[in-house]
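Examining the three-dimensional arrangement
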Amino acid sequence: MSKPARILAFAGSLRRDSYNKKLVKAAAKGAEAAGADVTLIDLTEYPLPVFNEDIESASGMPDEAKALKKLFLEHDALLISAPEYNSSITAALKNAIDWVSRTESKDEPMVAAFAGKTAALLAASPGGFGGLRGLVHVRAILENIQVTVLPDQIAVPKAHEAFNGDGTLKDDGLRKRVEGLGAKLAEVTAKLNA
């Protein structure tokens, strides 16, 4: 019997009313319905300086980075909704990945907070591609740090028209697909943990 997947879910956006924060919540519901233990976080709760080895050398990893890394280490999978900024990854998401990927001792394996995890990717954007171009970069980064990224992904175009006032998706078919991706991540991760 496999144990439930522990999934860390978040958006790569800091904006309060982010479409991607709404989208990852919908996917998290699907993961929970499939039996996963989901922790939904907001990156604004972990304010990080721009990664700089001089900061790390002078005072070590910032407390917020340590707290975020601890969450990554405690979870089996990542559910990420990543907005597209200038056809690529957001600075906030890349910075979080850079800090969390750092080792804190000589005994710690490289990219310990990422290696062996599974991930599912989503994006929402007002543009016609729905953030698809940015997901290419997110996928490449995660795969390079030993995360297995599901081939399925969802990009939601015209995001400014996609959500109800309460943050739920207007289109029932899209909602089911988004929840289905969360469920698939839960199921694949549970199988890998068996």
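This report concerns the structure included in the present document. All of these numbers come straight from a predicted model, not from anything done at the bench.

This paragraph deals with the overall build of the protein chain. Check the secondary structure of the protein chain and you find 6 helices and 5 strands. Listed by position from the N terminus, the elements making up the protein chain come as β-α-β-α-α-β-α-β-α-β-α. Across its three principal directions, the C-alpha atoms of the protein chain cover 50 × 45 × 25 Å. In the protein chain, which comprises 194 residues, the share counted as buried stands at 48%. Taking the intrachain contacts of the protein chain between residues at least 6 apart in sequence as the baseline, contacts between residues at least 24 apart amount to 78%.

With that out of the way, let us pick up the packing of aromatic side chains. All told, the structure shown has 4 aromatic pairs when counted by the stated rule. For the ring pair F10 and F72, a centre distance of 5.8 Å and an interplane angle of 50° mean the geometry is tilted. Of the two residues, F10 is situated in strand β1 (residues 6-11) and F72 in helix α3 (residues 63-74); the sequence distance between them amounts to 62 residues. On the numbers, 4.8 Å between centres and 75° between planes, the contact of F51 with W99 is edge-to-face. Placement of the pair is F51 in the loop between β2 (37-40) and α2 (53-59) and W99 in helix α4 (residues 91-100), with a sequence separation of 48 residues. Of the residues examined, W99 reaches a relative accessible area of 0% and is grouped as buried. Here the guanidinium or amino end of R15 rests over the ring plane of Y19, the centre of that ring lying 5.0 Å away.

To continue, consider the sheet that holds β2. On the basis of which strands lie adjacent, the open sheet formed by 5 strands has the order β2-β1-β3-β4-β5 and parallel pairing. Bordering the open sheet on either side are β2 and β5 (148-156), each of which pairs with just one other strand. Within the sheet, the average angular offset between the axes of one strand and its neighbour, ignoring direction, is 15°. Relative to β5, strand β4 (residues 118-124) is paired through 6 bridges, and the arrangement is parallel. Residue pairing for β5: A124 is matched across the bridge by V156. Helix α5 (residues 132-144) contacts β3 (77-81), β4 and β5 of the sheet and is inclined by roughly 165° relative to β5.

For N86, which is not glycine, the phi dihedral falls at a positive 50°. For N86, a relative accessible area of 79% translates into the label exposed. Phi at S87 takes a positive value of approximately 65°, unusual for a residue other than glycine.

Take the pattern of salt bridges next. Enumeration over the complete set of coordinates arrives at 15 salt bridges. The residue E108 makes a salt bridge to K69 at a minimum N-O spacing of 2.5 Å. Of the two residues, E108 sits in the loop between α4 and β4 while K69 sits in helix α3, which places them 39 residues apart along the sequence. Look at K69 and you get buried, because its relative accessible area is 1%. Among the ionic pairs, D152 bridges to K184, the shortest N-O distance being 3.2 Å. Within this pair, whereas D152 is found in strand β5, its partner K184 is found in helix α6 (residues 172-193), the two being separated by 32 residues in sequence.

Right, let's talk about the nonpolar core for a bit. Core analysis: the biggest nonpolar cluster contains 29 residues, and F10, F72, F114 and L142 have the highest contact counts within it. Those residues in contact with F10 that lie beyond four places of it in its chain are V24, I41, L43, F72, L78, L79, I80, S81 and L93. Counting 28 residues, the second largest nonpolar core, distinct from the first, contains V24, A124, A159 and L174.

Definitions and limits used
Residues numbered from 1 in each chain as written. Predicted model: local features only at pLDDT ≥ 70, side-chain atom pairs only at ≥ 80, totals over all residues. Heavy atoms only, no water. Helix = DSSP H or I, 4+ residues; strand = E, 2+ residues; numbered from the N terminus. Buried < 20%, exposed > 50% of the residue type's maximum accessible area, 1.4 Å probe, protein only. Contact = heavy atoms within 4.5 Å. Phe/Tyr/Trp six-rings, centres within 6.5 Å; stacked < 30°, edge-to-face > 60°. Lys NZ or Arg CZ within 6 Å of the ring centre and 35° of its normal. Pairing = 2+ DSSP bridges. Axes fitted to C-alpha atoms, helices over the stretch in contact; angles between N-to-C directions. Salt bridge = Lys/Arg side-chain N within 4 Å of Asp/Glu carboxyl O. Core = buried A, V, L, I, M, F, W, Y, C linked by side-chain atoms within 4.5 Å.

Function cannot be read off these values alone, since they describe shape.
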